[in-house]
There are 2 protein chains.
Amino acid sequence: MSRQSHPSPPFATSVAVIGVGLIGGSIAAGLKRLGFTGPVIGAGRNRARLEQAHARGLIDSIADDVATAASSADLIVVSTPVDRIVEDVRAAADACHPGTLLTDAGSVKQHICRSLENALPGGATFIGSHPLAGSEKRGFEHADAHLFEGRVCVVTPDGRTPPEALHRLKAFWRFLGMSVLEMPADEHDAALARTSHLPHVAAAALADAVPPDLYELAGTGFRDTTRIAAGSPDLWVGILLDNAESLLAALDAYAERFQDFREAVARRDAARLRQLLGVAKQNRDALGR
Amino acid sequence: MSRQSHPSPPFATSVAVIGVGLIGGSIAAGLKRLGFTGPVIGAGRNRARLEQAHARGLIDSIADDVATAASSADLIVVSTPVDRIVEDVRAAADACHPGTLLTDAGSVKQHICRSLENALPGGATFIGSHPLAGSEKRGFEHADAHLFEGRVCVVTPDGRTPPEALHRLKAFWRFLGMSVLEMPADEHDAALARTSHLPHVAAAALADAVPPDLYELAGTGFRDTTRIAAGSPDLWVGILLDNAESLLAALDAYAERFQDFREAVARRDAARLRQLLGVAKQNRDALGR
(Lines give C-alpha, C1' and ligand atoms only; values in the text may rest on other atoms or scores of the structure.)
Protein backbone atom coordinates (compact mmCIF):
# COMPACT_ATOMS: atom_id res chain seq x y z
CA MET A 1 0.00 0.00 0.00
CA SER A 2 1.45 3.34 -0.94
CA ARG A 3 -0.19 6.72 -0.92
CA GLN A 4 0.66 9.74 -2.99
CA SER A 5 -1.44 12.80 -3.49
CA HIS A 6 0.13 15.52 -5.60
CA PRO A 7 -1.64 16.96 -8.61
CA SER A 8 -0.34 15.91 -11.98
CA PRO A 9 -0.15 17.02 -15.62
CA PRO A 10 -2.76 16.10 -18.24
CA PHE A 11 -4.04 12.57 -18.19
CA ALA A 12 -6.26 12.74 -21.27
CA THR A 13 -7.53 15.02 -24.01
CA SER A 14 -10.97 13.44 -24.07
CA VAL A 15 -12.79 11.16 -21.66
CA ALA A 16 -15.49 8.61 -22.40
CA VAL A 17 -17.79 7.68 -19.53
CA ILE A 18 -19.51 4.34 -20.07
CA GLY A 19 -22.51 4.28 -17.77
CA VAL A 20 -23.67 7.76 -16.74
CA GLY A 21 -25.17 7.05 -13.32
CA LEU A 22 -24.28 8.41 -9.90
CA ILE A 23 -20.57 7.62 -10.29
CA GLY A 24 -20.20 8.27 -14.03
CA GLY A 25 -22.25 11.43 -13.76
CA SER A 26 -20.20 12.66 -10.83
CA ILE A 27 -16.97 12.00 -12.74
CA ALA A 28 -18.31 14.05 -15.64
CA ALA A 29 -19.50 16.81 -13.33
CA GLY A 30 -16.19 16.85 -11.46
CA LEU A 31 -14.18 17.10 -14.68
CA LYS A 32 -16.26 20.12 -15.75
CA ARG A 33 -16.05 21.80 -12.39
CA LEU A 34 -12.30 21.44 -12.24
CA GLY A 35 -11.75 22.86 -15.69
CA PHE A 36 -11.05 19.79 -17.79
CA THR A 37 -11.19 21.25 -21.27
CA GLY A 38 -11.52 18.15 -23.45
CA PRO A 39 -14.87 16.68 -24.38
CA VAL A 40 -16.63 14.24 -22.07
CA ILE A 41 -18.50 11.64 -24.09
CA GLY A 42 -21.25 9.55 -22.54
CA ALA A 43 -22.44 6.11 -23.53
CA GLY A 44 -24.92 3.74 -21.96
CA ARG A 45 -27.83 1.44 -22.55
CA ASN A 46 -30.64 3.93 -22.11
CA ARG A 47 -30.66 6.62 -24.78
CA ALA A 48 -33.40 8.66 -23.12
CA ARG A 49 -31.44 8.82 -19.88
CA LEU A 50 -28.29 9.84 -21.72
CA GLU A 51 -30.20 12.64 -23.40
CA GLN A 52 -31.36 13.90 -20.02
CA ALA A 53 -27.77 13.81 -18.73
CA HIS A 54 -26.69 15.69 -21.85
CA ALA A 55 -29.46 18.26 -21.41
CA ARG A 56 -28.18 18.86 -17.89
CA GLY A 57 -24.73 19.56 -19.26
CA LEU A 58 -23.10 16.59 -17.55
CA ILE A 59 -21.77 15.17 -20.82
CA ASP A 60 -20.81 17.03 -23.99
CA SER A 61 -22.02 14.40 -26.42
CA ILE A 62 -23.75 11.05 -26.59
CA ALA A 63 -22.16 8.10 -28.35
CA ASP A 64 -24.46 5.60 -29.99
CA ASP A 65 -22.65 2.69 -28.41
CA VAL A 66 -19.61 1.77 -26.36
CA ALA A 67 -17.44 1.28 -29.46
CA THR A 68 -18.22 4.75 -30.79
CA ALA A 69 -17.49 6.32 -27.42
CA ALA A 70 -14.27 4.35 -27.08
CA SER A 71 -12.96 5.39 -30.48
CA SER A 72 -13.35 9.09 -29.60
CA ALA A 73 -11.47 9.16 -26.29
CA ASP A 74 -8.02 8.48 -24.89
CA LEU A 75 -9.31 7.77 -21.40
CA ILE A 76 -12.30 5.49 -20.92
CA VAL A 77 -13.97 5.08 -17.54
CA VAL A 78 -16.40 2.18 -17.32
CA SER A 79 -18.81 3.00 -14.49
CA THR A 80 -21.45 0.37 -15.13
CA PRO A 81 -22.60 -2.14 -12.48
CA VAL A 82 -19.96 -4.65 -11.39
CA ASP A 83 -21.48 -7.53 -13.34
CA ARG A 84 -21.31 -5.62 -16.65
CA ILE A 85 -17.85 -4.08 -16.35
CA VAL A 86 -15.84 -6.86 -18.01
CA GLU A 87 -17.96 -6.96 -21.15
CA ASP A 88 -18.07 -3.16 -21.37
CA VAL A 89 -14.29 -2.85 -21.01
CA ARG A 90 -13.85 -5.51 -23.70
CA ALA A 91 -16.24 -3.76 -26.06
CA ALA A 92 -14.44 -0.47 -25.48
CA ALA A 93 -10.99 -2.00 -25.90
CA ASP A 94 -11.96 -3.57 -29.20
CA ALA A 95 -12.77 -0.15 -30.63
CA CYS A 96 -10.22 2.17 -29.06
CA HIS A 97 -6.99 3.58 -30.45
CA PRO A 98 -3.55 2.41 -29.33
CA GLY A 99 -2.45 4.26 -26.24
CA THR A 100 -5.93 4.47 -24.83
CA LEU A 101 -6.21 4.00 -21.08
CA LEU A 102 -9.20 2.09 -19.75
CA THR A 103 -10.31 1.91 -16.18
CA ASP A 104 -13.48 1.17 -14.20
CA ALA A 105 -15.10 2.22 -10.95
CA GLY A 106 -16.21 -1.17 -9.67
CA SER A 107 -16.38 -2.01 -5.97
CA VAL A 108 -14.80 -5.42 -6.51
CA LYS A 109 -11.52 -5.81 -8.38
CA GLN A 110 -10.06 -9.31 -8.49
CA HIS A 111 -12.54 -10.94 -10.83
CA ILE A 112 -12.59 -7.95 -13.18
CA CYS A 113 -8.81 -7.57 -13.32
CA ARG A 114 -8.22 -11.29 -13.80
CA SER A 115 -10.78 -11.47 -16.58
CA LEU A 116 -9.13 -8.61 -18.40
CA GLU A 117 -5.45 -9.36 -18.00
CA ASN A 118 -3.91 -10.50 -21.27
CA ALA A 119 -7.31 -10.14 -22.87
CA LEU A 120 -7.10 -6.66 -24.37
CA PRO A 121 -6.06 -5.90 -27.94
CA GLY A 122 -2.57 -4.44 -28.36
CA GLY A 123 -2.08 -0.84 -27.46
CA ALA A 124 -4.85 -0.44 -24.92
CA THR A 125 -4.22 -0.71 -21.20
CA PHE A 126 -6.75 -1.52 -18.52
CA ILE A 127 -6.06 -0.77 -14.85
CA GLY A 128 -8.72 -1.36 -12.22
CA SER A 129 -9.94 1.52 -10.06
CA HIS A 130 -12.27 1.82 -7.13
CA PRO A 131 -13.10 5.34 -6.06
CA LEU A 132 -14.40 5.03 -2.48
CA ALA A 133 -17.25 7.45 -2.82
CA GLY A 134 -20.91 7.07 -3.47
CA SER A 135 -24.20 6.98 -1.69
CA GLU A 136 -27.29 4.87 -1.40
CA LYS A 137 -28.70 6.99 -4.23
CA ARG A 138 -28.65 5.95 -7.85
CA GLY A 139 -28.77 7.81 -11.15
CA PHE A 140 -27.10 10.91 -12.61
CA GLU A 141 -29.76 13.07 -10.95
CA HIS A 142 -27.72 12.61 -7.77
CA ALA A 143 -24.40 13.31 -9.51
CA ASP A 144 -22.17 15.54 -7.41
CA ALA A 145 -19.17 17.41 -8.80
CA HIS A 146 -17.59 17.19 -5.32
CA LEU A 147 -18.32 13.49 -4.73
CA PHE A 148 -14.68 12.42 -4.95
CA GLU A 149 -13.09 15.35 -3.16
CA GLY A 150 -10.89 14.27 -0.29
CA ARG A 151 -11.76 10.60 -0.73
CA VAL A 152 -9.54 7.63 -1.45
CA CYS A 153 -9.30 5.85 -4.79
CA VAL A 154 -7.73 2.40 -4.92
CA VAL A 155 -6.00 1.43 -8.16
CA THR A 156 -4.92 -2.13 -8.79
CA PRO A 157 -2.04 -2.33 -11.28
CA ASP A 158 -0.20 -5.62 -11.67
CA GLY A 159 3.35 -6.52 -12.71
CA ARG A 160 2.62 -5.90 -16.37
CA THR A 161 1.06 -2.46 -16.00
CA PRO A 162 3.00 0.17 -18.02
CA PRO A 163 4.23 2.83 -15.57
CA GLU A 164 3.13 5.63 -17.90
CA ALA A 165 -0.45 4.34 -17.96
CA LEU A 166 -0.47 4.04 -14.17
CA HIS A 167 0.88 7.57 -13.91
CA ARG A 168 -1.94 8.88 -16.10
CA LEU A 169 -4.57 6.97 -14.15
CA LYS A 170 -3.36 8.36 -10.83
CA ALA A 171 -3.27 11.86 -12.31
CA PHE A 172 -6.89 11.43 -13.38
CA TRP A 173 -8.22 10.49 -9.94
CA ARG A 174 -6.07 13.14 -8.27
CA PHE A 175 -7.49 15.71 -10.64
CA LEU A 176 -10.89 14.81 -9.18
CA GLY A 177 -9.51 15.50 -5.71
CA MET A 178 -8.79 11.95 -4.59
CA SER A 179 -5.88 10.37 -2.77
CA VAL A 180 -4.68 7.34 -4.67
CA LEU A 181 -3.72 4.03 -3.06
CA GLU A 182 -2.05 1.26 -5.09
CA MET A 183 -2.93 -2.22 -3.98
CA PRO A 184 -3.15 -5.74 -5.42
CA ALA A 185 -6.70 -6.57 -6.48
CA ASP A 186 -7.05 -9.49 -4.07
CA GLU A 187 -5.90 -7.38 -1.14
CA HIS A 188 -8.44 -4.72 -2.12
CA ASP A 189 -11.25 -7.25 -2.21
CA ALA A 190 -10.38 -8.77 1.16
CA ALA A 191 -10.29 -5.32 2.76
CA LEU A 192 -13.47 -4.04 1.12
CA ALA A 193 -15.28 -7.23 2.12
CA ARG A 194 -14.81 -5.99 5.68
CA THR A 195 -15.12 -2.23 5.33
CA SER A 196 -17.95 -2.09 2.79
CA HIS A 197 -19.61 -5.36 1.81
CA LEU A 198 -20.00 -6.72 5.35
CA PRO A 199 -21.50 -3.43 6.61
CA HIS A 200 -23.96 -3.57 3.73
CA VAL A 201 -25.14 -7.04 4.73
CA ALA A 202 -25.24 -6.06 8.43
CA ALA A 203 -27.35 -3.00 7.63
CA ALA A 204 -29.67 -4.90 5.29
CA ALA A 205 -30.18 -7.74 7.77
CA LEU A 206 -31.05 -5.11 10.39
CA ALA A 207 -33.56 -3.42 8.10
CA ASP A 208 -35.03 -6.87 7.41
CA ALA A 209 -35.20 -7.77 11.11
CA VAL A 210 -36.96 -4.60 12.26
CA PRO A 211 -40.34 -4.23 10.57
CA PRO A 212 -41.77 -0.81 9.62
CA ASP A 213 -44.56 -1.03 12.19
CA LEU A 214 -41.87 -0.29 14.78
CA TYR A 215 -40.36 2.69 12.97
CA GLU A 216 -42.29 5.20 15.03
CA LEU A 217 -39.96 4.09 17.80
CA ALA A 218 -36.78 4.25 15.75
CA GLY A 219 -34.29 7.01 16.48
CA THR A 220 -31.24 8.36 14.72
CA GLY A 221 -29.22 5.29 15.69
CA PHE A 222 -31.41 2.98 13.66
CA ARG A 223 -31.47 5.48 10.80
CA ASP A 224 -27.69 5.72 10.64
CA THR A 225 -27.12 2.01 11.08
CA THR A 226 -29.48 1.04 8.27
CA ARG A 227 -28.94 3.94 5.85
CA ILE A 228 -27.00 1.94 3.24
CA ALA A 229 -29.71 -0.72 3.15
CA ALA A 230 -31.56 1.69 0.84
CA GLY A 231 -28.97 0.97 -1.85
CA SER A 232 -29.97 -0.72 -5.08
CA PRO A 233 -30.50 -4.49 -4.58
CA ASP A 234 -29.42 -5.17 -8.16
CA LEU A 235 -26.12 -3.32 -7.80
CA TRP A 236 -25.41 -4.98 -4.49
CA VAL A 237 -26.23 -8.51 -5.58
CA GLY A 238 -23.54 -8.02 -8.21
CA ILE A 239 -21.00 -6.66 -5.74
CA LEU A 240 -21.63 -9.20 -2.98
CA LEU A 241 -21.56 -12.24 -5.24
CA ASP A 242 -18.52 -11.02 -7.16
CA ASN A 243 -16.65 -10.93 -3.84
CA ALA A 244 -18.37 -13.95 -2.30
CA GLU A 245 -15.29 -15.71 -1.00
CA SER A 246 -13.80 -12.75 0.87
CA LEU A 247 -17.27 -11.71 1.95
CA LEU A 248 -18.02 -15.08 3.56
CA ALA A 249 -14.85 -14.79 5.63
CA ALA A 250 -15.87 -11.29 6.70
CA LEU A 251 -19.44 -12.38 7.51
CA ASP A 252 -18.13 -15.20 9.67
CA ALA A 253 -15.72 -12.96 11.54
CA TYR A 254 -18.60 -10.60 12.24
CA ALA A 255 -20.99 -13.38 13.27
CA GLU A 256 -18.39 -14.56 15.76
CA ARG A 257 -18.13 -11.10 17.31
CA PHE A 258 -21.89 -10.76 17.37
CA GLN A 259 -22.09 -14.10 19.15
CA ASP A 260 -19.60 -12.79 21.75
CA PHE A 261 -22.03 -9.97 22.49
CA ARG A 262 -24.97 -12.36 22.64
CA GLU A 263 -23.21 -14.60 25.12
CA ALA A 264 -22.25 -11.67 27.32
CA VAL A 265 -25.89 -10.52 27.38
CA ALA A 266 -27.18 -14.06 27.99
CA ARG A 267 -24.80 -14.47 30.93
CA ARG A 268 -25.53 -10.92 32.15
CA ASP A 269 -21.76 -10.52 32.11
CA ALA A 270 -21.34 -6.76 32.55
CA ALA A 271 -17.53 -6.87 32.58
CA ARG A 272 -17.33 -8.79 29.29
CA LEU A 273 -19.98 -6.61 27.66
CA ARG A 274 -18.14 -3.47 28.77
CA GLN A 275 -14.96 -4.87 27.25
CA LEU A 276 -16.59 -5.63 23.90
CA LEU A 277 -18.28 -2.23 23.80
CA GLY A 278 -14.99 -0.63 24.85
CA VAL A 279 -13.08 -2.08 21.89
CA ALA A 280 -15.90 -0.99 19.60
CA LYS A 281 -15.80 2.56 20.94
CA GLN A 282 -12.02 2.69 20.72
CA ASN A 283 -12.09 1.54 17.09
CA ARG A 284 -14.92 3.86 16.14
CA ASP A 285 -13.29 6.82 17.86
CA ALA A 286 -10.14 6.09 15.81
CA LEU A 287 -12.20 6.48 12.65
CA GLY A 288 -13.36 9.97 13.56
CA ARG A 289 -16.64 11.54 12.56
CA MET B 1 -50.34 3.00 21.15
CA SER B 2 -51.93 6.43 20.86
CA ARG B 3 -50.41 9.65 19.65
CA GLN B 4 -51.39 13.18 20.54
CA SER B 5 -49.43 16.32 19.92
CA HIS B 6 -51.12 19.54 20.95
CA PRO B 7 -49.46 22.05 23.23
CA SER B 8 -50.78 22.23 26.75
CA PRO B 9 -51.06 24.56 29.76
CA PRO B 10 -48.44 24.71 32.54
CA PHE B 11 -47.03 21.43 33.74
CA ALA B 12 -44.84 22.77 36.54
CA THR B 13 -43.71 25.91 38.29
CA SER B 14 -40.20 24.60 38.91
CA VAL B 15 -38.29 21.67 37.46
CA ALA B 16 -35.50 19.65 39.05
CA VAL B 17 -33.14 17.84 36.72
CA ILE B 18 -31.32 14.98 38.43
CA GLY B 19 -28.26 14.19 36.27
CA VAL B 20 -27.24 17.12 34.09
CA GLY B 21 -25.67 15.27 31.14
CA LEU B 22 -26.57 15.28 27.46
CA ILE B 23 -30.26 14.56 28.13
CA GLY B 24 -30.69 16.49 31.37
CA GLY B 25 -28.73 19.44 29.97
CA SER B 26 -30.81 19.43 26.80
CA ILE B 27 -34.02 19.40 28.84
CA ALA B 28 -32.79 22.41 30.81
CA ALA B 29 -31.66 24.19 27.65
CA GLY B 30 -34.94 23.43 25.89
CA LEU B 31 -36.99 24.74 28.82
CA LYS B 32 -35.05 28.03 28.75
CA ARG B 33 -35.26 28.38 25.00
CA LEU B 34 -39.00 27.85 25.00
CA GLY B 35 -39.63 30.39 27.69
CA PHE B 36 -40.25 28.25 30.75
CA THR B 37 -40.22 30.88 33.49
CA GLY B 38 -39.82 28.79 36.61
CA PRO B 39 -36.43 27.87 38.03
CA VAL B 40 -34.56 24.82 36.73
CA ILE B 41 -32.63 23.20 39.55
CA GLY B 42 -29.79 20.78 38.85
CA ALA B 43 -28.48 17.96 41.00
CA GLY B 44 -25.92 15.27 40.40
CA ARG B 45 -22.93 13.44 41.77
CA ASN B 46 -20.21 15.72 40.47
CA ARG B 47 -20.33 19.21 41.99
CA ALA B 48 -17.63 20.60 39.68
CA ARG B 49 -19.56 19.50 36.60
CA LEU B 50 -22.76 21.00 37.96
CA GLU B 51 -20.96 24.29 38.53
CA GLN B 52 -19.81 24.30 34.91
CA ALA B 53 -23.38 23.62 33.75
CA HIS B 54 -24.55 26.45 36.00
CA ALA B 55 -21.87 28.79 34.66
CA ARG B 56 -23.13 28.03 31.16
CA GLY B 57 -26.62 29.06 32.19
CA LEU B 58 -28.13 25.62 31.67
CA ILE B 59 -29.44 25.43 35.23
CA ASP B 60 -30.50 28.26 37.51
CA SER B 61 -29.24 26.73 40.72
CA ILE B 62 -27.41 23.72 42.07
CA ALA B 63 -28.91 21.55 44.78
CA ASP B 64 -26.54 19.90 47.23
CA ASP B 65 -28.23 16.55 46.79
CA VAL B 66 -31.21 14.84 45.22
CA ALA B 67 -33.38 15.42 48.29
CA THR B 68 -32.76 19.16 48.29
CA ALA B 69 -33.49 19.39 44.57
CA ALA B 70 -36.63 17.31 44.95
CA SER B 71 -38.01 19.45 47.76
CA SER B 72 -37.75 22.61 45.63
CA ALA B 73 -39.57 21.42 42.49
CA ASP B 74 -42.98 20.17 41.45
CA LEU B 75 -41.62 18.29 38.43
CA ILE B 76 -38.56 16.11 38.81
CA VAL B 77 -36.83 14.55 35.81
CA VAL B 78 -34.30 11.86 36.63
CA SER B 79 -31.89 11.68 33.70
CA THR B 80 -29.17 9.56 35.21
CA PRO B 81 -27.90 6.31 33.66
CA VAL B 82 -30.42 3.48 33.54
CA ASP B 83 -28.84 1.54 36.38
CA ARG B 84 -29.11 4.51 38.78
CA ILE B 85 -32.63 5.71 37.97
CA VAL B 86 -34.55 3.64 40.52
CA GLU B 87 -32.47 4.76 43.48
CA ASP B 88 -32.50 8.40 42.32
CA VAL B 89 -36.28 8.41 41.89
CA ARG B 90 -36.67 6.87 45.36
CA ALA B 91 -34.37 9.45 46.92
CA ALA B 92 -36.27 12.24 45.20
CA ALA B 93 -39.67 10.83 46.14
CA ASP B 94 -38.70 10.60 49.80
CA ALA B 95 -38.03 14.34 49.91
CA CYS B 96 -40.65 15.83 47.61
CA HIS B 97 -43.92 17.55 48.42
CA PRO B 98 -47.31 15.94 47.79
CA GLY B 99 -48.44 16.50 44.21
CA THR B 100 -44.94 16.33 42.82
CA LEU B 101 -44.60 14.55 39.49
CA LEU B 102 -41.52 12.39 38.94
CA THR B 103 -40.36 10.98 35.66
CA ASP B 104 -37.17 9.70 34.08
CA ALA B 105 -35.53 9.56 30.67
CA GLY B 106 -34.29 5.98 30.68
CA SER B 107 -34.05 3.86 27.52
CA VAL B 108 -35.52 0.82 29.27
CA LYS B 109 -38.78 1.01 31.18
CA GLN B 110 -40.11 -2.27 32.52
CA HIS B 111 -37.61 -2.86 35.29
CA ILE B 112 -37.71 0.78 36.41
CA CYS B 113 -41.49 1.04 36.40
CA ARG B 114 -41.97 -2.27 38.22
CA SER B 115 -39.43 -1.35 40.85
CA LEU B 116 -41.20 1.92 41.53
CA GLU B 117 -44.85 0.95 41.43
CA ASN B 118 -46.41 1.03 44.88
CA ALA B 119 -43.05 2.04 46.27
CA LEU B 120 -43.41 5.80 46.45
CA PRO B 121 -44.54 7.77 49.46
CA GLY B 122 -48.07 9.15 49.32
CA GLY B 123 -48.66 12.19 47.17
CA ALA B 124 -45.87 11.73 44.67
CA THR B 125 -46.43 10.11 41.28
CA PHE B 126 -43.83 8.47 39.08
CA ILE B 127 -44.52 7.85 35.40
CA GLY B 128 -41.81 6.45 33.15
CA SER B 129 -40.66 8.41 30.10
CA HIS B 130 -38.29 7.71 27.27
CA PRO B 131 -37.57 10.66 25.00
CA LEU B 132 -36.24 9.11 21.78
CA ALA B 133 -33.47 11.58 21.21
CA GLY B 134 -29.79 11.60 21.94
CA SER B 135 -26.48 11.00 20.30
CA GLU B 136 -23.32 9.03 20.79
CA LYS B 137 -22.01 12.10 22.68
CA ARG B 138 -22.09 12.41 26.41
CA GLY B 139 -22.10 15.33 28.83
CA PHE B 140 -23.86 18.67 29.10
CA GLU B 141 -21.26 20.22 26.76
CA HIS B 142 -23.24 18.57 23.96
CA ALA B 143 -26.60 19.71 25.33
CA ASP B 144 -28.88 20.96 22.58
CA ALA B 145 -31.95 23.10 23.21
CA HIS B 146 -33.48 21.59 20.06
CA LEU B 147 -32.63 17.95 20.82
CA PHE B 148 -36.22 16.89 21.41
CA GLU B 149 -37.88 18.93 18.70
CA GLY B 150 -40.01 16.81 16.39
CA ARG B 151 -39.02 13.59 18.15
CA VAL B 152 -41.15 11.00 19.88
CA CYS B 153 -41.37 10.53 23.64
CA VAL B 154 -42.82 7.31 25.01
CA VAL B 155 -44.56 7.50 28.36
CA THR B 156 -45.53 4.36 30.24
CA PRO B 157 -48.44 4.95 32.63
CA ASP B 158 -50.18 1.97 34.17
CA GLY B 159 -53.71 1.37 35.42
CA ARG B 160 -53.03 3.27 38.65
CA THR B 161 -51.59 6.42 37.09
CA PRO B 162 -53.63 9.52 38.03
CA PRO B 163 -54.95 11.09 34.80
CA GLU B 164 -53.96 14.57 35.95
CA ALA B 165 -50.34 13.52 36.45
CA LEU B 166 -50.25 11.87 33.03
CA HIS B 167 -51.72 15.03 31.54
CA ARG B 168 -48.96 17.14 33.08
CA LEU B 169 -46.24 14.76 31.95
CA LYS B 170 -47.47 14.82 28.37
CA ALA B 171 -47.69 18.60 28.49
CA PHE B 172 -44.07 18.74 29.64
CA TRP B 173 -42.66 16.66 26.77
CA ARG B 174 -44.88 18.45 24.27
CA PHE B 175 -43.61 21.76 25.56
CA LEU B 176 -40.14 20.52 24.51
CA GLY B 177 -41.48 19.85 21.01
CA MET B 178 -42.08 16.12 21.26
CA SER B 179 -44.92 13.89 20.14
CA VAL B 180 -46.03 11.71 23.00
CA LEU B 181 -46.86 8.01 22.71
CA GLU B 182 -48.46 6.09 25.57
CA MET B 183 -47.44 2.48 25.79
CA PRO B 184 -47.11 -0.28 28.40
CA ALA B 185 -43.54 -0.55 29.68
CA ASP B 186 -43.08 -4.13 28.48
CA GLU B 187 -44.27 -3.24 24.99
CA HIS B 188 -41.83 -0.32 24.94
CA ASP B 189 -38.94 -2.54 25.92
CA ALA B 190 -39.71 -5.20 23.33
CA ALA B 191 -39.90 -2.56 20.60
CA LEU B 192 -36.79 -0.67 21.67
CA ALA B 193 -34.85 -3.93 21.88
CA ARG B 194 -35.35 -4.06 18.12
CA THR B 195 -35.18 -0.41 17.10
CA SER B 196 -32.38 0.71 19.39
CA HIS B 197 -30.61 -1.91 21.49
CA LEU B 198 -30.14 -4.45 18.69
CA PRO B 199 -28.74 -1.77 16.31
CA HIS B 200 -26.30 -0.78 19.03
CA VAL B 201 -25.00 -4.33 19.34
CA ALA B 202 -24.90 -4.76 15.55
CA ALA B 203 -22.91 -1.53 15.17
CA ALA B 204 -20.55 -2.38 18.01
CA ALA B 205 -19.90 -5.89 16.70
CA LEU B 206 -19.11 -4.35 13.34
CA ALA B 207 -16.68 -1.86 14.85
CA ASP B 208 -15.09 -4.78 16.70
CA ALA B 209 -14.86 -6.95 13.58
CA VAL B 210 -13.21 -4.34 11.34
CA PRO B 211 -9.85 -3.26 12.75
CA PRO B 212 -8.56 0.33 12.42
CA ASP B 213 -5.74 -0.69 10.07
CA LEU B 214 -8.44 -1.03 7.40
CA TYR B 215 -10.06 2.34 8.04
CA GLU B 216 -8.22 4.01 5.20
CA LEU B 217 -10.50 1.90 3.03
CA ALA B 218 -13.70 2.68 4.91
CA GLY B 219 -16.28 4.90 3.25
CA THR B 220 -19.38 6.69 4.45
CA GLY B 221 -21.28 3.39 4.65
CA PHE B 222 -19.01 2.05 7.37
CA ARG B 223 -19.07 5.41 9.15
CA ASP B 224 -22.85 5.54 9.23
CA THR B 225 -23.29 1.91 10.16
CA THR B 226 -20.91 2.10 13.12
CA ARG B 227 -21.58 5.66 14.35
CA ILE B 228 -23.47 4.65 17.51
CA ALA B 229 -20.66 2.28 18.51
CA ALA B 230 -18.91 5.42 19.81
CA GLY B 231 -21.52 5.62 22.59
CA SER B 232 -20.48 5.24 26.20
CA PRO B 233 -19.80 1.58 27.10
CA ASP B 234 -20.89 2.20 30.70
CA LEU B 235 -24.24 3.68 29.70
CA TRP B 236 -24.87 0.91 27.20
CA VAL B 237 -23.94 -1.96 29.49
CA GLY B 238 -26.67 -0.65 31.77
CA ILE B 239 -29.23 -0.37 28.99
CA LEU B 240 -28.48 -3.72 27.34
CA LEU B 241 -28.48 -5.74 30.54
CA ASP B 242 -31.57 -4.01 31.89
CA ASN B 243 -33.41 -5.20 28.79
CA ALA B 244 -31.59 -8.50 28.41
CA GLU B 245 -34.60 -10.71 27.85
CA SER B 246 -36.15 -8.67 25.04
CA LEU B 247 -32.72 -7.96 23.64
CA LEU B 248 -31.84 -11.66 23.35
CA ALA B 249 -34.99 -12.25 21.31
CA ALA B 250 -34.08 -9.33 19.06
CA LEU B 251 -30.48 -10.51 18.68
CA ASP B 252 -31.67 -13.95 17.69
CA ALA B 253 -34.14 -12.62 15.14
CA TYR B 254 -31.34 -10.56 13.64
CA ALA B 255 -28.84 -13.44 13.66
CA GLU B 256 -31.38 -15.53 11.78
CA ARG B 257 -31.76 -12.85 9.10
CA PHE B 258 -28.02 -12.44 8.89
CA GLN B 259 -27.70 -16.18 8.43
CA ASP B 260 -30.19 -15.99 5.55
CA PHE B 261 -27.87 -13.53 3.83
CA ARG B 262 -24.85 -15.71 4.53
CA GLU B 263 -26.51 -18.75 3.03
CA ALA B 264 -27.57 -16.86 -0.07
CA VAL B 265 -23.99 -15.67 -0.56
CA ALA B 266 -22.56 -19.14 0.12
CA ARG B 267 -24.91 -20.66 -2.46
CA ARG B 268 -24.32 -17.73 -4.87
CA ASP B 269 -28.10 -17.50 -4.94
CA ALA B 270 -28.65 -14.16 -6.70
CA ALA B 271 -32.44 -14.42 -6.64
CA ARG B 272 -32.60 -15.05 -2.90
CA LEU B 273 -30.05 -12.33 -2.18
CA ARG B 274 -32.00 -9.87 -4.32
CA GLN B 275 -35.13 -10.74 -2.39
CA LEU B 276 -33.47 -10.19 1.00
CA LEU B 277 -31.91 -6.92 -0.14
CA GLY B 278 -35.24 -5.90 -1.67
CA VAL B 279 -37.12 -6.27 1.62
CA ALA B 280 -34.35 -4.34 3.36
CA LYS B 281 -34.58 -1.49 0.85
CA GLN B 282 -38.36 -1.43 1.02
CA ASN B 283 -38.26 -1.21 4.82
CA ARG B 284 -35.52 1.40 4.85
CA ASP B 285 -37.25 3.49 2.21
CA ALA B 286 -40.39 3.42 4.39
CA LEU B 287 -38.36 4.99 7.20
CA GLY B 288 -37.32 7.96 5.09
CA ARG B 289 -34.10 9.89 5.42
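Cut-offs applied
Residues numbered from 1 in each chain as written. Chains lettered and ligands numbered in written order. Predicted model: local features only at pLDDT ≥ 70, side-chain atom pairs only at ≥ 80, totals over all residues. Heavy atoms only, no water. Buried < 20%, exposed > 50% of the residue type's maximum accessible area, 1.4 Å probe, protein only. Helix = DSSP H or I, 4+ residues; strand = E, 2+ residues; numbered from the N terminus. Contact = heavy atoms within 4.5 Å. Pairing = 2+ DSSP bridges. Right-handed = clockwise from strand over helix to strand, strands pointing away. Core = buried A, V, L, I, M, F, W, Y, C linked by side-chain atoms within 4.5 Å. Polar contact = N/O pair within 3.5 Å; in protein donor to acceptor, adjacent residues only side chain to side chain. pLDDT = per-residue confidence, 0-100.

Okay, helix α9 (residues 233-242) of chain A next. Of all 10 residues in α9 of chain A, seven are buried; the element is thus mostly enclosed. Residues of α9 of chain A that are buried sit in contact with α7 (185-209) and α10 (244-266) of chain A together with α10 (244-266) and α11 (270-287) of chain B.

Residue and element names in this part refer to chain B. In strand β5 (residues 75-78), alternate side chains face the same way, and those of Leu75 and Val77 on one face and Ile76 and Val78 on the other are all buried. Where strand β2 (residues 15-18) lies against β5, four bridges are found, and the strand directions are parallel. Bridged to Val17 within β5 is Val77. With four bridges connecting them, β5 and strand β6 (residues 101-104) associate as parallel partners. Across the sheet, Val77 pairs through a bridge with Thr103, a residue of β6. The parallel pair β5 and β6, bridged by helix α4 (residues 85-95), forms a crossover whose chirality is right-handed.

In terms of nonpolar packing, the biggest core is built from 143 residues, with Ile76 and Tyr254 of chain A together with Ile76, Leu102 and Tyr254 of chain B touching the most fellow members. Other than its neighbours up to four places away in sequence, Tyr254 of chain A contacts Leu198 and Ala202 of chain A together with Ala202, Ala205, Leu206, Ala209, Tyr254 and Phe258 of chain B.

For an α-helix the count is 3.6 residues per turn, leaving residues at separations of three or four pointing the same way. Structurally, the start of helix α2 (residues 47-55) of chain A carries an N-cap: the backbone nitrogen of Ala48 of chain A is 3.1 Å from a side-chain oxygen of Asn46 of chain A. One or two residues past the end of α2 of chain A sits Gly57 of chain A, with phi positive at roughly 85 degrees.

All names here are of chain A. The pLDDT averaged across chain A works out to 93; a share of 96% of its residues lies at or above 70. Scored below 50 in pLDDT, residues 1-9 makes 26 contacts in the model with residues more than four places away or belonging to other chains. For this predicted complex, the interface confidence reaches an ipTM of 0.89, while the overall pTM sits at 0.89.

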